Amino acid sequence: MLKNIKMKRIYLDHAATTPVSKEVLEVMKPYFSEKFGNASSLHSFGIEAREAIKKARKISSKLINARPAEIIFTSGGTESNNLAIKGIAFANKNKGNHIITSKIEHPAILKPCEWLEKHGFKVTYLDVDNKGMVNPKDVEKAITKDTILVSIMTANNEIGTIEPITEIGKICKKNKVYFHTDAVQAFGKIPIDIKKINIDLLSASSHKLYGPKGVGLLFVKQDVKIEALSHGGGHEQGLRSGTENAAGIVGFATAIKLAEKIMKKEAERQTELRNKIIKEILKIKGVQLNGHPSQRLPNNVNISIKGIEGEALLIRLNEKGIAISTGSACSTKSLKPSHVLTSIDLNDEQAHGSLRITLGKDNKEEDINYLLRELPKIINSLRKINPLKW
Ligand SMILES: *Cc1c(COP(=O)(O)O)cnc(C)c1O
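No experiment lies behind these values; they were computed from the predicted model shown.

### Regarding the domain arrangement of the chain
- Segmenting the chain into domains produces domain 1 (10-17 + 263-384) and domain 2 (22-258).
- Relative placement of domain 1 and domain 2: their C-alpha centres are 28 Å apart.
- Contacts between domain 1 and domain 2 engage 27 residues on the former and 30 residues on the latter.
- The junction of domain 1 with domain 2 conceals about 2,300 Å² of combined surface from both sides, 60% of it contributed by carbon and sulfur atoms.
- The three residues of domain 1 that bury the most area against domain 2 are M263, L297 and V340, which together make up 26% of that side's buried surface.
- Here domain 1 is connected to domain 2 by 14 residue pairs in polar contact (both at pLDDT 80 or more).
- Taken together, the elements giving at least two residues each to the side of domain 1 that touches domain 2 come down to α7 (246-281), β10 (300-305) and α9 (339-343).
- Ranked by residue count, the leading element in the side of domain 1 that touches domain 2 is α9, at 4 residues.

### Here's the deal with the packing of helix α2 (residues 44-63) against α7
- At a minimum axis distance of 9 Å, the contact between α2 and α7 shows a crossing angle of 30 degrees. Taken together, α2 and α7 sit at an angle that is classed as roughly parallel. In the crossing of α2 with α7, the sense of the turn from one axis to the other is left-handed. Taken together, the residues of α7 that come into contact with α2 (itself represented by A49, A52, I53, A56, I59, S60, K62 and L63) are A246, I249, V250, A253, I256, K257, E260 and M263.
- Classifying every residue of the contact of α2 with α7 gives 12 nonpolar, 1 polar and 3 charged.

Definitions and limits used
- Residues numbered from 1 in each chain as written.
- Predicted model: local features only at pLDDT ≥ 70, side-chain atom pairs only at ≥ 80, totals over all residues.
- Heavy atoms only, no water.
- Domains from an automatic or database assignment.
- Contact = heavy atoms within 4.5 Å.
- Buried area = accessible area lost by both parts, 1.4 Å probe.
- Polar contact = N/O pair within 3.5 Å; in protein donor to acceptor, adjacent residues only side chain to side chain.
- Helix = DSSP H or I, 4+ residues; strand = E, 2+ residues; numbered from the N terminus.
- Axes fitted to C-alpha atoms, helices over the stretch in contact; angles between N-to-C directions.
- Parallel < 35°, antiparallel > 145°, perpendicular 65-115°, else oblique.
- Left-handed = near helix turned anticlockwise from the far one by under 90°.
- Nonpolar A, V, L, I, M, F, W, Y, C, P; charged D, E, K, R; others polar.

In structure tokens:
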């Protein structure tokens, strides 16, 4: 498909994954070779790994104003979410069996919840408004005497909507219900303070933040009652047994440090680029913005284009070296459009004509200009092929 290997390639799919920063890779390297020790060993090799993980725990906790002992390193966002949801459910089932979440959560929240429903738990899946916002009042109304956990994401991975987690945190505290947030898309991109927001558990993932794949963390506030899912040597406060991935953890922490340094500047820069894309794209006939116009991740653009299949557009942009994503997946796993897009009341045509552009720290204005030159041409040509739909 990429006829000319030297062709310019522009990556605009940072919500899917990000490249590992050069600095992160360099810091990781020794932990595969000379510093290969098992962090549980008592000799110098073990001490080396143990000290590195200790330092990483400190760096990771600082970003969200937590304490090092409250950070559990995992294999990624999916495992963190599973540990949070099932771990809280198992540990608190004598108190109640009810969990509240939203319809637009990542599958790594929805699937564990569905699984728990087969094992005696009850789950309320809250609706969102047409901008993808959970209403905190709906959370409050849904809480019963059996509710043990509320899990609402910090920001949505498809449409970028930032949820009102401050209000939701307050409601959970008042009602003595644990509050978990899947912060995978927001962590390191917008400030999160677990004390100010009253978060009990928080999931994050390294590979969405220029760190390596296969590493993540779960923040678990002190005194939260939670069960382990993986049993063994008792690593990570007994909550996640298994020899620590020292290289990955050190890489993740380095990525966090870098993210913290550039967070404010990058948020401003990407917001500006994002707004430019939105403004220009909305000039094309039959294009609408999905998600919230302002309560939105700095790097997210999600649109629906009338008379276009998102997948056809993806393929044509890919031929131009531009990598984006769509909420429709005709040839892949299912014909069903994304559950997020149908939850914000898009019809099938709108959902199948959706496009997600997610910016990253290495995208330059000229990349955006290239996109904005190519996109209208491709839309026009696709609409010519399919005049009936348009
Ligand atoms: C990517 C993502 C996950 C899964 O994280 P992995 O580290 O890939 O397992 C969970 N939640 C959200 C919101 C995500 O974007």
